[in-house]
Amino acid sequence: MKHLLSAGDLSRDEAQLILDTAEEMRSLADRPIKKLPALRGRTVVNLFFEDSTRTRISFEAAAKRLSADVINFSAKGSSLSKGESLKDTALTLQAMGADGVVCRHGSSGAPHLLATSGWMTGSVVNAGDGTHEHPTQALLDAFTMRRHLGALDGRRITIVGDVLHSRVARSNVLLLSTLGADVTVVAPPTLLPVDMSTWPCVTSYDFDSVLPKSDAVMMLRVQRERMNDAFFPSAREYTRRYGLDRNRMAQLPDEAIVLHPGPMNRGMEISAEVADSTRSVIVEQVTNGVAIRMAVLYLLLSGTNETEEPTA
Amino acid sequence: MTAYLITGASIVGGEVADLLIDNGEIVATGTGLDAPADVTTIDAAGLIALPGLVDLHTHLREPGREDAETVFTGTRAAAQGGFTAVFAMANTDPVADTAGVVEQVWRLGRDAGYADVYPIGAVTVGRKGTQLAELGAMADSAARVRVFSDDGDCVWDAALMRRALEYVKAFEGVIAQHAQEPRLTQGAQMNEGALSGVLGLTGWPSVAEEAIIARDILLNAHVGSKLHICHLSTKGSVEIVRAAKRRGLEVTAEVTPHHLLLTEDLAASYNPVYKVNPPLRTKEDVEAVREGLADGTIDIVATDHAPHPVEDKDCEWSAAAFGMTGLETALSVVQHAMIDTKLLTWADVADRMSYAPAAIGQAADHGRPLEAGAPANIVLYDPRVERTVVPEESVSLSRNTPFEGMTLPGKVVATFLRGTPTVLDGELTR
């Protein structure tokens, strides 16, 4: 593995290796000294073209616990708004000797471009690109589910919300199916891609019918502004049909858990009561995010000794 | 003026004959022609002679984006591709919406001398889709504009489109529509389908093209004017135009070389060289537009040559410009997609790339059969060779060809514009 661009690129073995490695990384959190020397002397750049404090600090904490040097490069808007181009940014990072670049970008495919353009030689981790993918989020979600549910083979996972615009949903559907789970996505038809025939999941418009058959429910953030583009009539109607509240939670099997990638719209897709309930593993997802990102950075960057030159 | 005797060419792919050119005209055709003593003979054995190609849809970018292309460089690329006439799209800066701008473009074309440049006038002021531009002034100008288009944007307002169609009847104008329902394509990046959902790129649904085409055919039937559909790209569009023509409704349509050959899966590379508007579609759509071109539903091939500077393509997909170059590869792509597949004959290609576009654009000197008395606008083409497309070899200012690295058949050996060679031995003459 040189890059992590799409959850769909991971084989079952690779995904398991990341999850198992994360398990070891997580045990570190219980030790008095939380640091490993694994990436000493390596440079990890957090290249964030979009604001995402929670994802950035998660990667930052992960890299620092592995003793890597971390540079935060906040370049919000700089490429799309006639500032420095993605290419020049990449050439700059190459000149600085970045071993790994964690890229968050509003344009789908931007990390893919960084990895394939020949502008730089470092490993690229997709930290969320446009409406495409967010593979480390899917890994931490799978990790969290595995800790509660055991192996995911045959487990019934339900993903609810704005699938059309969600990079979290795309990565989760791909990864969870690789890990053997049965995935159902639930959304109003307007918030599903028009043709999902190639997706390894089933779709439903009826949340209530799916609830009793769910071992885990993942609620996606839904932007209220979507109603201005007629994706749904109103926030209230959305909540009524697709929000997870106490009544719906009661329909879940006893052991089922509730996930949310954050940040939450409390009262929109998830009620405060559910978010703060014992079934909610939302805070734990954050903890696990650091362990997963440590595992990914460790597996991509340790032991590599890059000598290749950029081609452009 | 030098006289030329072209010997042994296959005339539009048929009989082998000689062509004698003098004083800008074809003087005689046949064998054993009585040539003047100082004639320059060109051995065209094995080559196909076609009437000079006519491109109804070219972006020359001047004025305004001379970093991407100029009238000079764009018409050089045209000549290199076998074109003797190009229709220059109006989406320049300033927009070609006044007699002044279209005359400027027309003069720049005359000064360059590589191909006749017929400026296309904008339908609306600034291509903003709210107020008719002074179509009559452009029609009456030295540029004698007959084709009007807001290409790049759709004339989406039905009332305005109706008036535009009606108004140009006074001077036999034609409205060339960029069929794209704007509300259905907000932020659109690629063809909408299974792949766009996976790649997370906003979809450009076929229906956004088809709905406008259907509407405009009906509007045009109501007012009895001339409607031309730019860069038709979907199977549904072919079916709509075919049904309309069967009912006897007036409409002409074009397809680009890239929509005859390339499919949407190229977008999976996130390489913006494959970003174009309308987007690359599915294999099914490609087959449908080929059939449409073969049976005459689609009247012509037009390149939609859309040059862009490197920095507008060497970037992330959503930030990149839409468009592909196409003048220098058009004939090769058509040979590959239509001739080598036996869907068209060379005589058909002469129609789709010369006679018919010249007729739609009312370019009287062009699109004439290779017969005595016709202006000597001729291309000599070698269909037997192959070449690998190398962007750096292009004579266009821009490098954004989607055919990079592909091996395509055929090569333009010579192009004559009114008896003067612009290309000889496969190279520009100056």
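Throughout this document, residue positions are counted from 1 along each chain, in the order its sequence is written. Here chains are named by letter from A upward and ligands by number from 1 upward, in the order in which they appear as written. Two thresholds apply to this predicted model, a pLDDT of at least 70 for residue-level local features and 80 or more for giving and counting side-chain atom pairs, whereas whole-chain, interface and lining totals are computed over all residues. With hydrogens and water set aside, each side-chain value is computed from the structure's full complement of heavy atoms.

Engineer: Honestly, the side chain of Thr256(B) in this entry has me stumped. Any pointers?
Structural biologist: Residue and element names in this part refer to chain B. Of note, Thr256 is situated in the loop between β14 (252-255) and α8 (257-261). Since its relative accessible area comes to 0%, Thr256 is described here as buried. Distance and chemistry together define a polar contact, namely a pair of N or O atoms within 3.5 Å, with one atom able to donate a hydrogen and the other to accept it when in protein, and with adjacent residues in sequence counting only for side-chain atoms on both sides. Here the side chain of Thr256 touches His258 through a polar contact of 3.2 Å, side chain to side chain. Contacts of Thr256, omitting those with residues within four sequence positions, involve His231, Ala302, Thr303 and Asp304. Numbering goes from the N terminus for both helices and strands, where a helix is a DSSP run of H or I of at least four residues and a strand is a run of E of at least two. Here's how the labels work: a residue is buried when its accessible area is under 20% of the maximum for its type, exposed when over 50%, partly exposed in between, all with a 1.4 Å probe on protein chains only. By definition in these notes, contact holds between two residues if any of their heavy atoms fall within 4.5 Å.

Engineer: Where do I start with the sheet that holds strand β7 (residues 83-88) of chain B in this structure?
Structural biologist: Sheets are built from strands paired through backbone hydrogen bonds, the pairs being either parallel or antiparallel. All names here are of chain B. Here we have 3 strands laid out as an open sheet, ordered β6-β7-β8, and parallel in their pairing. Looking at strand neighbours, the two that pair on one side only are β6 (53-58) and β8 (116-119), the edges of this open sheet. Pairwise comparison of adjacent strand axes, ignoring direction, gives a mean angle of 20° for this sheet. Any two strands with at least two DSSP-identified bridges between them are counted as paired. One ladder, built from 4 bridges, connects β6 with β7; its direction is parallel. Within the sheet, the bridge partner assigned to Asp55 lies in β7 and is Val86. The sheet strands contacting helix α1 (residues 71-80) are β7 and β8, and the helix crosses β7 at an angle near 135°. Angles shown run from 0 to 180 degrees and are taken between the N-to-C directions of axes, each axis being a line fitted to C-alpha atoms and, for helices, limited to the stretch in contact.

Engineer: I would appreciate a short explanation of the interface of chain A and chain B in the present structure.
Structural biologist: Accessible area lost on assembly of the parts is the figure often given for the size of an interface. If you look at the interface, chain A gives 21 residues, while chain B gives 17 residues. Using a 1.4 Å probe, buried area is obtained as the accessible area two parts lose upon being combined, added over both of them. Where chain A abuts chain B, roughly 1,500 Å² becomes buried across the two surfaces, and 53% of that area is made up of carbon and sulfur atoms. Salt bridges are defined by distance alone: a side-chain nitrogen of Lys or Arg within 4 Å of a carboxyl oxygen of Asp or Glu. Taken together, the links from chain A to chain B amount to 1 salt bridge. Viewed at the interface, chain B and chain A are joined by 8 residue pairs in polar contact (both at pLDDT 80 or more). Counting residues per element, the side of chain A that touches chain B draws most heavily on helix α4 (residues 110-116) of chain A, at 3 residues. Side-chain classes follow a simple rule in which Ala, Val, Leu, Ile, Met, Phe, Trp, Tyr, Cys and Pro form the nonpolar group, Asp, Glu, Lys and Arg form the charged group, and the remainder, Gly included, forms the polar group. Here the side of chain A that touches chain B is built from residues that sort into 8 nonpolar, 10 polar and 3 charged.

Engineer: Whenever I open this one, the sheet that holds strand β13 (residues 227-229) of chain B confuses me. Can you help?
Structural biologist: Residue and element names in this part refer to chain B. Read from one edge to the other, the open sheet built from 5 strands follows the order β9-β10-β13-β14-β15, with strand pairing classed as parallel. Looking at the sheet topology across the chains shown, the edges are occupied by β9 (147-148) and β15 (300-301). In this sheet, strand β10 (residues 174-177) lies alongside β9 in parallel orientation, the contact comprising 2 bridges. Across the sheet, the residue bridging to Val147 is Val174, located in β10. The sheet strands contacting helix α6 (residues 206-223) are β10 and β13, and the helix crosses β13 at an angle near 165°.

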